[in-house]
Amino acid sequence: MARIYQVPSHARGWLTLAIIATSLPQLVDGPWWQSPLLLLVLGWRALVDRQRLLLPGRVVRLALLLATVAATWQSFGRLHGPEAGTALITGLFALKYLELVGKRDAYVLIVLGYFVCATILLFHQGPLAALYVVGCLVLLTASLAGINYGDTHARGRQHLGVAAVMVLQALPLAAILFVLVPRVAPLWNMHLDSGQARTGMSDSMSPGQVSRLTESAELAFRVQFDGPAPAPSQRYWRGLTYSYFDGTTWRQARPPGWGERDTLYHGRGPAPDWYRGLRAAAGGPAWEYRVIMEPSQQRWLYALAVPFTDLDGLALARDLRLVADAPVTGTLGYRVRSVPAAGAGATLDGAERALMLSLPEQGNERARALAADWRRRYPNDRALVNAALGYFREQPFFYTLEPPPVTGDTVDRFLFDTRRGFCEHYASSFTFLMRAAGVPARVVAGYQGGEPNGDYLQVRQYDAHAWSEVWLAGRWVRVDPTGAVAPDRIELGLRQAMRNRSADQADGEGGAFGRLPVLFRLQQWADYVDFNWQKWVLGYRQEEQRDLLERLLGAVTPTRIALALLGAVLLVTGLLALLVLNRRRDQPARPLEREFRRLRQALGRRGLALPEAVSAAGLEAAVARRWPAATGAAGHWRRYFEHLAYRRDGDPPRSERLQLARRRRALMRALRG
Amino acid sequence: MQALDKALAQVGSVVLGKPEQLKLALACLLAGGHLLIEDLPGMGKTTLAHALARVFRLDYRRVQFTSDMLPADILGVSLFDPESGQFSLREGPVFSQLLLADEINRATPKTQGALLEAMEERQVTLDGLTRPLPSPFFVVATQNPVTQAGTFVLPESQLDRFLMRISLGYPAPEVELQLLAGGDLREAVRELRPVIEPAGLVKLVAHVGKVRASRDLLDYVQRLLEATRADDRFSAGLSPRAGLGLLRAARAWALIHNRDYVLPEDVQAVWPSVAEHRLQARQGGQVAALTQSLLQTVPVVRA
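Residues numbered from 1 in each chain as written. Chains lettered and ligands numbered in written order. Predicted model: local features only at pLDDT ≥ 70, side-chain atom pairs only at ≥ 80, totals over all residues. Heavy atoms only, no water.

Peer 1: Go over the overall build of chain B with me, naming the residues and quoting the values.
Peer 2: Within chain B one finds 13 helices and nine strands. A buried classification covers 51% of the 303 residues belonging to chain B. Pairs at least 24 apart in sequence give 78% of the contacts found in chain B among residues at least 6 apart. For chain B, the exposed area adds up to about 13800 Å²; of that, 52% sits on carbon and sulfur atoms. (Helix = DSSP H or I, 4+ residues; strand = E, 2+ residues; numbered from the N terminus. Buried < 20%, exposed > 50% of the residue type's maximum accessible area, 1.4 Å probe, protein only. Contact = heavy atoms within 4.5 Å. Areas by Shrake-Rupley, 256 points an atom, 1.4 Å probe, with all protein chains shown as cover.)

Below you can see the structure in the form of structure tokens.
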């Protein structure tokens, strides 16, 4: 029988802990059967260790294996893909612990554990997740150190220290590899079907929809401007445009007969006319910024004014929006150059113009009558828009988060009866009025505002907003009727605007806006860390790497990358080696030792090489041989040194150290004399 | 201390030309340790032991070890006394203040072991009767170099019981001339006058423990011990017991030199005789040279 090298008991604790820690994220996120499976395995193992049970035989192991595979199939309907694969490997990882007999099994288990650690990062990419994974690595490494420790009397705690030091030493190398190893595009497209409904904009707008968002303080996206950020009243983050109204709900729509190719430009192939027109008009000042978007499970991206990007993985729509090629399932970063003055190159003709004027056949007759009245009085479109805004400003309209529900002719009921509403009510009825008066108009949904935190802005769900755009003098002009009713909302943001309201409404704000200043500060700080993590670590993609490497290396050639990699790795390992080799000497020198060294070095500079192990008396003798005239001074120094070093205990007080230093200087003078 | 100088001069008058070895032997005695003298026959080992006994007026016995010797020949036997009806111990030669164990490596390990045990315990147990040995109690053992025929090598663990091992070596030509011209050495030893009484010797031994060893000095001793352990030319490093012995010997050396504190030079002076016989060189290295080399490499004052 082959000899089995046992796993020492002082390593077993770490191994068990490492298994629990690495499986934990999967227990929380994964299918329900992960926890019972791990409990079964750990319980069985515990009974085996108490010699109450035997390790499972081949048949039981096979049954458990098949059960795990079947459970994975049952939960996901497949065995491949990130979720199913991770669930399967985590289950098998637990099962492997039941097979652990000797050291060889422990090695397999630990290597498997490192792999399971990597799968954690598929689903969690935040700074805390990274820290957690490092913790798991330390635990796994502690088990690895433990099973390689022959001494049966070893203490478990020392393994953790060894592992922590090893992982710490590995971190600089990891950083170098992170920065320098060429990034390749993902080999397969990872579609994580997290399937969770997230709060956020939807592709249609009906009354009450945006106001629901205001209850959520969840982050929508973060923006970092290259220069100063635009004023709050300029921060209109466009996401969607709604051009079709069915009487209740506004929807996105394309003119009949138009396809996606007519309205979206992906940056591939010849640019359509409208894109060339936009480009041509894109002069003047611009805002340059970087947006880091939270997962929204949708394709809409948010940007200011007329956004230009490198169109890599996203497209510019004809209605001046950015659209991602695939739903945003993880955080997504993109750079934008927004030109406020652009948009002059757009056209609005034929079917598109018809769509922007379209209204339901009937309904909301009072609003139609009001629009017709305005049209008669103000032939000029701009005057008509001002009249409408004046109407909202002068009539008793109220801005409220809890508007009374309206049914039937929603526009009429709001405009003439309730007059209490939220931005979507104003945008919707204003756009309706414009179209009824024959002015092309559309509703734009997105976010308005953003709070500064550090050097970037946070835009949260409660910043959700809807406004209108009307076609005036050959271009789309933003008109925000909410601003006419509640200027605070635009200038100060929703939070501040609501805080200024009466106390009876304040109760509803607590959850969304955070009442505890300390907690709020902490939250902001955590968000700051998270933002920079997103920006510097997760945002370090192919292009960023290319830019950085070009700055560091000049041209990016495989040879240069390889040499830089080799050089950096050698440098780090060399430094670590020096550190390890020097550890023996790291005990700080005591005052007398320093004094002795000083004299030795001074004599060395005068050409007297003393052996490494010279004593005070040996030094005196060497000086007397070389400089007989200095014999007296040397003896003088030696006697005092021996007095301080050997005749008494403890470090000598300062006065005596100075005395010794004086005798040293006297000795050095005697050499010259 | 004048008395010690006088004692040294007295011993030096019969063991000619070996002042360093005499001082080491005296230091060994003052440190309360046993001495092993390793030399060829006829080098003056016996003379040295006898002279030491004389100047301290110690009760001196000499045992010539042979291969047919039994433990009882050293320790004694318990005899049944028919008159009193009790066992009584007839003391062997070990019940003395200074025992010269001549050619200890001629005896069988069993007999060697009996003596070495008595040295360590400072008492003898026979048939359940335990008797303490006299105080002070010193063993001066002599040993022929192991290459000689018919010897039993002392095992390492037993070598450790000897604080020091010294060897006298051939005398220098002029000393030898003096020796040849001189009279009967045996007679000269017998004429040596006691300088220090046994009680005084006990006091001196107690005084050795009070000689100051500062932190810097202890650091140096520790560095030396550490060096024997880190150096893979030795098969094993010095034990902590050896370290304590080294320090005690250095203290005695300082006392002989009339100092109440230890200098690194004291440690260096006793180092070879304390360390050499406890160390073994790996793959045929010269222990003496290796041990000595540590004094050249281990910093006296840490740089």
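Peer 1: Go over the environment of A:R442, please, and point to the residues and values.
Peer 2: Residues and elements named next belong to chain A. Following the sequence through the fold, R442 ends up in strand 16 (residues 441–448). Here R442 falls in the buried class, since its relative accessible area comes to 1%. The residues contacting R442, other than those within four sequence positions of it, are R238, T241, Y242, D319, M356, T431, R435, W467, S468, E469 and W476.

Peer 1: Go over the sheet that holds strand 11 (residues 314–317) of chain A with me, naming the residues and quoting the values.
Peer 2: Residue and element names in this part refer to chain A. Sheet architecture is open: four strands sit in the order 6-11-12-8, paired in antiparallel fashion. Two strands in the sheet have a free side with no partner beyond their single neighbour: strand 6 (264–265) and strand 8 (300–301). Pairing geometry for strand 6 and strand 11, over two bridges, is antiparallel. Residue pairing for strand 11: L264 is matched across the bridge by A317. In the packing of helix 10 (residues 273–280) onto the sheet, the strands contacted are strand 6 and strand 11, and the crossing angle to strand 11 comes to about 85°. (Pairing = 2+ DSSP bridges. Axes fitted to C-alpha atoms, helices over the stretch in contact; angles between N-to-C directions.)

Peer 1: How would you explain the sheet that holds strand 2 (residues 219–225) of chain A if you had to name every residue and give the values?
Peer 2: All names here are of chain A. Spatial ordering of the open sheet is given by 10-13-7-2-18-17, a layout of six strands whose pairing is antiparallel. In this open sheet, the two strands that pair with only one neighbour each are strand 10 (306–308) and strand 17 (451–453). Strand-to-strand twist in this sheet, taken as the mean axis angle between neighbours without regard to direction, amounts to 35°. Looking at chain direction, strand 10 and strand 13 (residues 332–339) are connected through three bridges and run antiparallel. Pairing of F308 across the sheet is with R337, part of strand 13.

Peer 1: Before we move on, could you go through a nonpolar patch on the surface and cite the residues and values that matter?
Peer 2: Residues and elements named next belong to chain A. Together, L24, V28 and Y132 give the surface a local cluster of nonpolar side chains, amounting to about 270 Å² of exposed area. Tracing the chain through its elements places Y132 in helix 6 (residues 127–147). Given a relative accessible area of 31%, Y132 falls into the partly exposed group. (Patch = residues over 30% accessible without salt bridge, like charges linked within 9 Å, V, L, I, M, F, W, Y side chains within 5 Å. Salt bridge = Lys/Arg side-chain N within 4 Å of Asp/Glu carboxyl O.)

Peer 1: Outline the packing of aromatic side chains, listing residues and values.
Peer 2: One pass over the structure, following the stated rule, counts 29 aromatic pairs over all chains. Seen in terms of ring centroids, A:F392 and A:F397 are 5.1 Å apart; in terms of plane orientation they differ by 50°. Their pairing is tilted. Arranged with centres 5.3 Å apart and planes meeting at 45°, the rings of A:F596 and A:F641 form a pair that is tilted. In this pair, A:F596 sits in helix 23 (residues 591–605) while A:F641 sits in helix 25 (residues 631–646), placing the two residues 45 residues apart along the sequence. For the pair A:F596 and A:F641, one class covers both residues: buried. Three or more aromatic residues joined by ring pairs make a cluster, and in this case those are A:W374, A:Y391, A:F392, A:F397, A:F414, A:Y426 and A:F430. In this structure, B:R259 is placed above the aromatic ring of B:Y261, and the distance from its NZ or CZ to the ring centre is 5.7 Å. (Phe/Tyr/Trp six-rings, centres within 6.5 Å; stacked < 30°, edge-to-face > 60°. Lys NZ or Arg CZ within 6 Å of the ring centre and 35° of its normal.)

Peer 1: With reference to specific residues and values, describe the pattern of salt bridges.
Peer 2: Within the structure shown, the criterion is met by 44 salt bridges over all chains. Note that B:E91 and B:R131 form a salt bridge whose closest N and O atoms lie 2.4 Å from each other. Placement of B:E91 in strand 4 (residues 86–91) and of B:R131 in strand 7 (residues 129–132) is noted, with a sequence separation of 40 residues between them. Residue B:R190 is joined to B:E187 by a salt bridge in which the shortest nitrogen-to-oxygen separation is 3.4 Å. Of this pair, B:R190 and B:E187 are both found in helix 8 (residues 185–190), three residues apart, which corresponds to roughly one turn of the helix. One network of salt bridges, with partners in common, ties together A:R590, A:E593, B:R215, B:D216, B:D219 and B:R302.

Peer 1: Provide a residue-level description of the pairing of strand 3 (residues 236–242) of chain A, including the pertinent values.
Peer 2: Residues and elements named next belong to chain A. Where burial is concerned, most of strand 3 is hidden: seven out of the seven residues are buried. The sheet contact formed by strand 3 and strand 16 spans six bridges and is antiparallel. Of the residues in strand 16, the one forming a bridge with Y242 is V443. Sheet analysis places strand 3 next to strand 9 (residues 303–304), joined by two bridges and oriented antiparallel. Residue pairing for strand 9: R238 is matched across the bridge by A303.

Peer 1: Please give an account of a negative patch on the surface that cites residues and values.
Peer 2: Residue and element names in this part refer to chain A. Side chains of E260, D310, D312, D325, E543, D547 and E550 sit close together on the surface and give a patch of like negative charge. Among the elements that take part in the negative patch, helix 21 (residues 542–553) stands out by supplying three residues, more than any other. Position of D547 relative to the elements: it lies in helix 21. (Lys, Arg positive; Asp, Glu negative; His and termini not counted. Charge placed at Lys NZ, Arg CZ, Asp CG, Glu CD.)

Peer 1: Give me the nonpolar core: which residues, what numbers.
Peer 2: Membership of the largest hydrophobic core comes to 100 residues, with the highest contact counts inside it found for A:L603, A:V623, A:F641, B:L30, B:L48 and B:M164. Tallying contributions element by element places helix 11 (residues 240–256) of chain B first for this core, with ten residues. Setting aside chain neighbours within four positions, we find A:V623 in contact with A:L603, A:L608, A:P628, A:A630, A:A634, A:L667 and A:L671. Of all hydrophobic cores here, the second largest spans 77 residues; its members include A:M205, A:A427, A:F432 and A:A484. (Core = buried A, V, L, I, M, F, W, Y, C linked by side-chain atoms within 4.5 Å.)

Peer 1: Just give me the short version of helix 11 (residues 350–357) of chain A, but keep the residues and values in it.
Peer 2: All names here are of chain A. Listing the buried residues of helix 11 in full gives E352, L355 and M356. For helix 11, the angular spread of buried residues about the axis comes to 95°, placing them on one side. Contact partners of the buried residues in helix 11: helix 15 (423–436), strand 16 and strand 20 (475–479). (Arc of directions from axis to C-beta.)

Peer 1: Go over the interface of chain A and chain B with me, naming the residues and quoting the values.
Peer 2: At the junction of the two partners, chain A supplies 21 residues and chain B supplies 22 residues. For the pair chain A and chain B, the summed buried surface comes to about 2000 Å²; carbon and sulfur atoms form 47% of the total. When the buried area of chain A at its contact with chain B is split by residue, A:R590, A:E593 and A:Y646 rank highest and sum to 34% of it. Taken together, chain A and chain B are joined by three salt bridges. Across the salt bridge formed by A:R590 and B:D216, the nearest N and O atoms sit 3.1 Å from each other. If you look at where chain A meets chain B, you find six residue pairs in polar contact (both at pLDDT 80 or more). Within the residue set of the side of chain A that touches chain B, elements represented by two or more residues are helix 23, helix 24 (616–626) and helix 25 of chain A. (Buried area = accessible area lost by both parts, 1.4 Å probe. Polar contact = N/O pair within 3.5 Å; in protein donor to acceptor, adjacent residues only side chain to side chain.)

Peer 1: Kindly report on the environment of B:Q158, identifying the contributing residues and their values.
Peer 2: All names here are of chain B. With respect to the element layout, Q158 can be found in helix 6 (residues 156–159). Relative accessible area serves as the criterion here: at 14%, Q158 is assigned to the buried category. Discounting chain neighbours no more than four positions away, the residues touching Q158 are Q112, G113 and L116.

Peer 1: Describe the packing of helix 23 of chain A against helix 24 of chain A, listing the residues and the values that go with them.
Peer 2: Residue and element names in this part refer to chain A. Following both chains from N to C, one finds helix 23 and helix 24 inclined at 25°, their axes separated by 12 Å at the closest point. Relative to helix 24, the element helix 23 lies roughly parallel. Handedness of the helix 23/helix 24 crossing: left-handed. Residues F596, L599, R600 and L603 of helix 23 touch helix 24, and the partners they reach there are A616, L619 and V623. By residue class, the composition of the contact of helix 23 with helix 24 is six nonpolar, no polar and one charged. (Parallel < 35°, antiparallel > 145°, perpendicular 65-115°, else oblique. Left-handed = near helix turned anticlockwise from the far one by under 90°. Nonpolar A, V, L, I, M, F, W, Y, C, P; charged D, E, K, R; others polar.)

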